[in-house]
Amino acid sequence: MEEKIKKVNLLYLLGYIFVPIIICALGYALCYFCFRDGGTGAVLTTMVPSILAVVWWIFGGSLIFRKKTKELEQRFNAEGYKRNQTFYGRGKTVVLDIEKGMLGICFFWNPCQTYILPATRVEKAWVDDGKMGSGFMEGSSRVSFLFTIDGIKVRVDTFASNQRFRMDDKRILTGISKADMMVQNINEAKAHSEKNSTKKTEK
Amino acid sequence: MGIFQKLKAALKDDWCSGCTVQMDEVGKQLYALPSMTVGHFQDIEDPNYYVQNLVKIQKKAEIPAGVYACGTYLYHCPQCGKTVAKLVVFLPVRDQEQVDGAHLFENKALIGFLQKTQ
Ligand SMILES: [Zn+2]
């Protein structure tokens, strides 16, 4: 049995949020006990950790994720696969070798692992155009493609906004086109992967 | 010649700008443009690019998702005899078309290519 994919590493998620809070709390405690009169010591123990925490929350995650994406791409190439398609989604990166039927993926909230697996493990793939409302209210604020691996659903947005746009809006159409293309490519990779594996078992 | 006719010639693609008369449509064909995919549209004005990259297809359904298409029209002026090609570059998305660029060409190589592949 292969290892199931994990979208979220709980330890990382909790650590990401709480470690800076704990460090700040320690800093404030230290300030309270040692630098009650203010001065440089007080600044170093309160201001500095607070600013660093905010910087970490804003930039830390995306920096780590970008590094992880690069690592996934390098590993994909190193293992002899060609990146026919790469999709940089929000919090997820998906790479595909369509001919060899391989799929690579990494997740924002699980930077400890990158996955490269045969596309046969994808059970199904589909598009969600996010269509809501009717009449003149009809529109969408999110378009994504989805697929399941080992029963785990992965959603990758090709367009997301806090506003709703008409279904014939350029942004929505572009999002649908990207999602359609990814689903088509995933299904193609899956078909090739299945063909390759039957060839192997025949040998 | 009236100002209205001149305006029409300037605004309408199938009007000859020199003679300000309506040209005849003498050809129409759909192509795929596999070199251009969704998110990577470029407004290319070099006619040779189209000669090299257009792939003739029978119907829109043959174009894979995310790949651009190009509708081409050939017009012939009955007065001065010149031929003009109109290219409309669009992204087919399900039953809709997102038009991103349109060009008029009088380039011989491109017109020859289009006439040959009609
Ligand atoms: Zn003319």
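See the structure shown above.
Residues numbered from 1 in each chain as written. Chains lettered and ligands numbered in written order. Predicted model: local features only at pLDDT ≥ 70, side-chain atom pairs only at ≥ 80, totals over all residues. Heavy atoms only, no water.

A.B. asks: In this structure, what is going on with the nonpolar core? I would like to understand it.
C.D. replies: Note that soluble globular proteins tend to have their nonpolar side chains buried in a common cluster. The biggest cluster of nonpolar side chains holds 53 residues, and the ones touching the most others in it are Leu103, Phe145 and Phe147 of chain A together with Tyr50 and Leu114 of chain B. A total of nine residues in this core trace back to one element, the largest contributor, which is helix H3 (residues 170-202) of chain A. If sequence neighbours within four positions are ignored, Phe145 of chain A has contacts with Phe87, Val94, Trp126, Val127, Val154, Arg155, Val156, Thr158, Ala179, Met182, Val183 and Ile186 of chain A. (Core = buried A, V, L, I, M, F, W, Y, C linked by side-chain atoms within 4.5 Å. Buried < 20%, exposed > 50% of the residue type's maximum accessible area, 1.4 Å probe, protein only. Helix = DSSP H or I, 4+ residues; strand = E, 2+ residues; numbered from the N terminus. Contact = heavy atoms within 4.5 Å.)

A.B. asks: Sorry, what's going on with the coordination of the zinc ion here?
C.D. replies: Under ideal tetrahedral coordination, the four donors around a metal are separated by 109.5 degrees; under ideal octahedral coordination, the six donors are separated by 90 or 180 degrees. Residue and element names in this part refer to chain B. With distances of 2.3 Å, the protein atoms coordinating the zinc ion are Cys16 (SG), Cys19 (SG), Cys77 (SG) and Cys80 (SG). Sequence positions of the residues that donate to the zinc ion give the spacing C-x2-C-x57-C-x2-C. Linking Cys19 in the loop between helix H1 (3-11) and strand E1 (24-37) with Cys80 in the loop between strand E3 (67-76) and strand E4 (83-93), this pair joins segments that are 61 residues apart in sequence. (Donors = N, O, S within 2.8 Å, 3.2 Å for Na, K, Ca; no water.)

A.B. asks: Mind showing me how you'd approach the pattern of salt bridges here?
C.D. replies: If charged atoms from side chains of opposite charge come close, those side chains can pair. Residue and element names in this part refer to chain A. Tallying each qualifying case throughout the model produces 16 salt bridges over all chains. Here Asp128 makes a salt bridge to Arg155, at a shortest N to O gap of 3.2 Å. Residue Asp128 is found in strand E5 (residues 122-128), and its partner Arg155 is found in strand E7 (residues 152-165); the two are separated by 27 residues along the sequence. By relative accessible area, Asp128 is classed as partly exposed at 26%. (Salt bridge = Lys/Arg side-chain N within 4 Å of Asp/Glu carboxyl O.)

A.B. asks: What is the right way to read the packing of helix H1 (residues 10-34) of chain A against helix H2 (residues 40-78) of chain A from this model?
C.D. replies: All names here are of chain A. Taken N-terminus to C-terminus, the directions of H1 and H2 make an angle of 170 degrees; their axes are 7 Å apart at the nearest point. Here H1 lies roughly antiparallel to H2, going by the angle between them. Residues Tyr12, Tyr16, Ile17, Pro20, Ile21, Ile23, Cys24, Gly27, Tyr28, Leu30 and Cys31 of H1 form the contact with H2, whose own contacting residues are Ala42, Thr45, Thr46, Pro49, Ser50, Ala53, Trp56, Trp57, Gly60, Gly61 and Ile64. Here the contact of H1 with H2 is built from residues that sort into 16 nonpolar, six polar and no charged. (Axes fitted to C-alpha atoms, helices over the stretch in contact; angles between N-to-C directions. Parallel < 35°, antiparallel > 145°, perpendicular 65-115°, else oblique. Nonpolar A, V, L, I, M, F, W, Y, C, P; charged D, E, K, R; others polar.)

A.B. asks: What's the story with the pairing of strand E2 (residues 92-97) of chain A in this structure? I'm lost.
C.D. replies: If a strand is regular, its side chains alternate between the two faces of the sheet. All names here are of chain A. Burial runs high along E2: six of the six residues are buried. Residue alternation in E2 divides its side chains into two sets, Lys92, Val94 and Leu96 and Thr93, Val95 and Asp97, and both sets are buried. Relative to E2, strand E1 (residues 85-89) runs antiparallel, the two being bridged by five bridges. Along E2, the bridge assignment pairs Tyr88 with Thr93. Between the antiparallel neighbours E1 and E2 lie two residues, among them Gly91 with a positive phi of about 80 degrees. Two elements, E2 and strand E3 (residues 102-107), share six bridges in a ladder whose sense is antiparallel. Bridging across to E3, Asp97 finds its partner in Met102. (Pairing = 2+ DSSP bridges.)

A.B. asks: Help me understand the pairing of E3 of chain A, please; the structure alone is not making it clear to me.
C.D. replies: Residues and elements named next belong to chain A. With six of six residues buried, E3 lies mostly within the body of the structure. Along E3, one buried face is formed by Met102, Gly104 and Cys106 and the opposite face, lined by Leu103, Ile105 and Phe107, is buried too. In this structure, the hairpin formed by E2 and E3 is closed by a connection of four residues, where Gly101 is found at a positive phi of approximately 70 degrees. Here six bridges tie E3 to strand E4 (residues 110-118), and the two strands are oriented antiparallel to one another. Paired with Gly104 across the bridge in E4 is Ile116. Counting the residues in the hairpin turn of E3 and E4 gives two residues.

A.B. asks: I tried to follow the interface of chain A and chain B on my own but got confused; where do I start?
C.D. replies: Interface size is commonly expressed as the accessible area that is lost once the parts come together. Across the contact, 13 residues belong to chain A and eleven residues belong to chain B. Summed over both sides, the interface of chain A with chain B buries roughly 1100 Å², with 58% coming from carbon and sulfur. By the criterion of area lost to chain B, the three top residues of chain A are Leu173, Ser177 and Met181 of chain A, representing 42% of everything that side buries. The interface formed by chain A and chain B holds three salt bridges in total. (Buried area = accessible area lost by both parts, 1.4 Å probe.)

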